[in-house]
Amino acid sequence: MGFPIILLFMFLIICANLPGSSDGIRAYIWEWDLNVLTERPEVWSTAVSQIFFSIGVTFGIMTAFGSHCDRNAPAVENSIIIALLNSFFSFIAGFMVFSAVGALATKKGVDISDVDVGGFSLVFGTVPEVLDGITGGKHLVRLFFLFLFLLGIDSAFALTESAVTVICDTSYCAGKPRKLVAGGVCFVGFLVGLLYVTDAGLSFLDVVDYYVNFIMMLVGFFECYAVGWAFDIDKQVASHGLTAVVLLNTGTFVSVFVASFLWFAGDESYVLGGWLALIFIYLAYFKGVVLSLKDHHGAGMDMKSELYDLYFGNITTLCDTLRPVVGFLPLIWAIFIKLIIAPLLLLLFINLAFSGNFGVYGGYAVMPYQFLGYISIAIPMLIFLAGVFVPSIYSGFNAAKSMDDIVANDEKDDEKTEKKLMADNDTEGEAA
């Protein structure tokens, strides 16, 4: 990844010194059209999904990479570093791109807003055209496409690693050579990728890129729900009763669902109704939770303690379980996962669904373009629903080793390392 970063700064310096580049940078930093945030609310959802794709969230990439780290690696610190570096890279890339846009606008004698920067034309048209117009431009264009190739192959490495790691951790492939599994994954990816090298490849890519946003939102929501709500739910039911747990779960998400439907499916006159629905539905369910707790009579706890345990008990246990392995882990992380991020992802999914683009995205024909988008959503959903209703079909995907075995092996490795260091120290002492 180091060489693409060097190339990025090189292209930034080149583009920033072209006539008109300052106009592009000014448009990037200062001339914001904030009306887009209200006139095209789907940009909120697509922006989040773009960050998901950029970092690798919901693709299993960070999980796969994390599995190769030392067991006691600082997970929170690593996560913050990865997120900040990713955003920093994107921010710097914006300066390079808009410098090129400003330079092209000056060259053509048009306003920046008249330069085509939508879709693939920005990367495959605008920037190469600007680089080609300066001394040694042909070589710079070749270097720019090498830059894009390296970024693309880095993403391919990450996506492949996530699939290979999952497959190798199953009982199906226990003991199988990792190279064989990686070869099989690459071959399947090659076959699927043939679709994108046809004459209609960019159109297919554009459609799939849009529809996969829905899956990323759903996967992110289910991951947050599993961590924040489903974790330790059996103990919560035993402590506070099934009714209170179900009411809190449904009240949180039903209120968000109804409010989002009013906000995004209706016109502006429904905005106030959405807020009222959010507040009153949640309060109605909350009252039901309180009444249920009064009837249940938890194990010697007063109402305040029961409510606190119902909201934060399971995620507190989660943090206590993870800290011996990942190190520092603030409770606020789990609170955000449970009470903020999960509802927000549901809201963003509904926002995207009612954006008016589903089924007609980009003006592409239903067959084969929109149909391919439908398939990209349907296949992951079928895989998920199969696991919900017939979980036994995924029994082979249980880890080949239990967590206790993994921890025991790690402890043995640590003991071996410690003994080796002590032996080395003794040898050095005797030599001295």
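The numbers attached to residues start from 1 for each chain and follow its sequence in the written order. Local features in this predicted model are restricted to residues of pLDDT 70 or higher, and side-chain atom pairs are both shown and tallied only at a pLDDT of 80 or more, whereas totals for entire chains, interfaces and linings draw on every residue. As a convention, hydrogens and water are excluded, and side-chain values are obtained from all of the structure's heavy atoms.

Now for the side chain of Asp-206. Within the fold, Asp-206 resides in helix α10 (residues 201-230). A 1.4 Å probe rolled over the protein chains alone gives each residue an accessible area, and that area as a share of the maximum for its type sets the label: buried under 20%, exposed over 50%, partly exposed in between. Charge counting follows a simple rule: Lys and Arg are positive, Asp and Glu are negative, and His as well as the terminal groups are ignored. Note on definitions: salt bridges are taken to be side-chain nitrogens of Lys or Arg within 4 Å of carboxyl oxygens of Asp or Glu. Here Asp-206 is buried and forms no salt bridge, its nearest opposite-charge partner Arg-40 lying at an N-O distance of 11 Å. Excluding its chain neighbours within four sequence positions, the residues that come into contact with Asp-206 are Phe-120, Tyr-361 and Tyr-364. By definition, any uninterrupted DSSP run of H or I lasting at least four residues is a helix, any uninterrupted run of E lasting at least two residues is a strand, and each is numbered from the N terminus. Contact criterion: two residues are considered in contact whenever any of their non-hydrogen atoms come within 4.5 Å of each other.

So, on to the nonpolar core. The nonpolar side chains of soluble globular proteins are, as a tendency, buried together. Residues belong to one nonpolar core when they are buried, are Ala, Val, Leu, Ile, Met, Phe, Trp, Tyr or Cys, and are joined through side-chain atoms within 4.5 Å. Judged by nonpolar contacts, the single largest core of 34 residues is most densely connected at Val-289, Leu-310 and Leu-345. Considering every element that reaches this core, the biggest residue donor is helix α15 (residues 331-353), with nine residues. In this structure, Phe-95, Met-96, Leu-122 and Phe-144 belong to the second largest nonpolar core, which totals 30 residues.

Another point: the pattern of salt bridges. All chains considered together, the criterion is met by six salt bridges. Glu-42 is paired through a salt bridge with Arg-40; the nearest N and O atoms lie 3.6 Å apart. A relative accessible area of 45% means that Arg-40 is categorised as partly exposed. A salt bridge links Arg-178 to Glu-161; its shortest N-O distance comes to 2.6 Å. Of this pair, Arg-178 sits in helix α9 (residues 178-193) while Glu-161 sits in helix α8 (residues 137-168), and the two are 17 residues apart along the sequence.

Okay, the packing of α10 against helix α14 (residues 303-326) next. Packed helices, taken two at a time, are described by the angle their axes make and the gap between the axes. For the pair α10 and α14, the least separation of the axes is 8 Å and the interaxial angle reads 105°. Viewed along their axes, α10 and α14 adopt a mutual orientation that is roughly perpendicular. Residues Val-227, Gly-228 and Trp-229 of α10 form the contact with α14, whose participating residues are Asn-314, Ile-315 and Leu-318. Each residue gets one of three labels, nonpolar for Ala, Val, Leu, Ile, Met, Phe, Trp, Tyr, Cys and Pro, charged for Asp, Glu, Lys and Arg, and polar for the others, Gly among them. Class assignment for the residues of the contact of α10 with α14 results in four nonpolar, two polar and no charged. Angular values range over 0 to 180 degrees, each being the angle between N-to-C directions of two axes fitted as lines to C-alpha atoms, with helices fitted over their stretch in contact. These descriptions rest on fixed angle ranges, namely under 35 degrees for roughly parallel, over 145 for roughly antiparallel, 65 to 115 for roughly perpendicular, and the rest for oblique.

Attention now moves to α14. Its 24 residues place the ends of α14 33 Å apart at the C-alpha level, agreeing with the 34 Å of an ideal helix rising 1.5 Å per residue. The largest bend in α14 comes to about 55°, at Phe-312. Those residues of α14 that fall on the buried side of the exposure criterion are Glu-306, Leu-307, Leu-310, Tyr-311, Phe-312, Gly-313, Asn-314, Ile-315, Leu-318, Cys-319 and Val-326. Against the buried residues of α14 lie α6 (75-108), α10, α11 (233-240), α12 (242-265), α13 (271-296) and α15. Given a helix with a known number of residues, its expected span is that number minus one, times 1.5 Å. Note that bend, as reported per residue, equals the angle between axes fitted to the 7 residues terminating at that residue and the 7 residues originating from it.

Next up on the list: the packing of aromatic side chains. The rule is short: rings of Phe, Tyr and Trp, with Trp giving its six-membered ring, pair when the centres are within 6.5 Å, and they are stacked under 30 degrees, edge-to-face over 60, tilted in between. Taken as a whole and assessed by the stated rule, the structure comprises 33 aromatic pairs. Each ring, one from Phe-11 and one from Phe-147, has its centre 5.9 Å from the other, and the planes form 65°; the classification is edge-to-face. Taken together, the positions of Phe-11 in helix α1 (residues 2-16) and Phe-147 in helix α8 put the pair 136 residues apart, joining distant regions of the chain. Under the relative-accessibility criterion, Phe-147 is labelled buried at 4%. Between Phe-214 and Phe-349, the ring centres sit 5.9 Å apart and the planes meet at 85°, which makes this aromatic pair edge-to-face.

Patch membership needs two things, relative accessible area over 30% and no salt bridge, and members are linked within 9 Å if like-charged or within 5 Å if nonpolar (Val, Leu, Ile, Met, Phe, Trp, Tyr). Areas reported here follow the Shrake-Rupley algorithm with a probe of radius 1.4 Å; residue values treat only the protein chains shown as occluding. Side chains of Phe-222, Phe-384, Leu-385, Val-388, Phe-389, Val-390 and Ile-393 sit close together on the surface and give an oily, nonpolar patch of about 610 Å² of accessible area. Of note, Phe-389 is situated in helix α16 (residues 366-389). Classification of Phe-389 by relative accessible area gives exposed; the value is 66%.

Let us look at the layout of surface pockets. Of the two site types, the cavity is a set of points on a 1 Å grid over the protein atoms alone where a 1.4 Å probe fits but cannot get out, and the pocket is an open set with protein on both sides within 12 Å along at least five of seven lines, each lined by residues with an atom within 4 Å of a point. Grid points are joined across faces, edges and corners, and a volume is the space filled by probe spheres set on the points. Estimates place the volume of the second largest pocket at around 270 Å³. Lining the second largest pocket are 15 residues, with Thr-252, Ser-255, Val-256, Leu-278 and Pro-343 sitting closest to its centre. Contributions of two or more residues to the lining of the second largest pocket are made by α12, α13 and α15. In the lining of the second largest pocket, the residues fall into 12 nonpolar, three polar and no charged.

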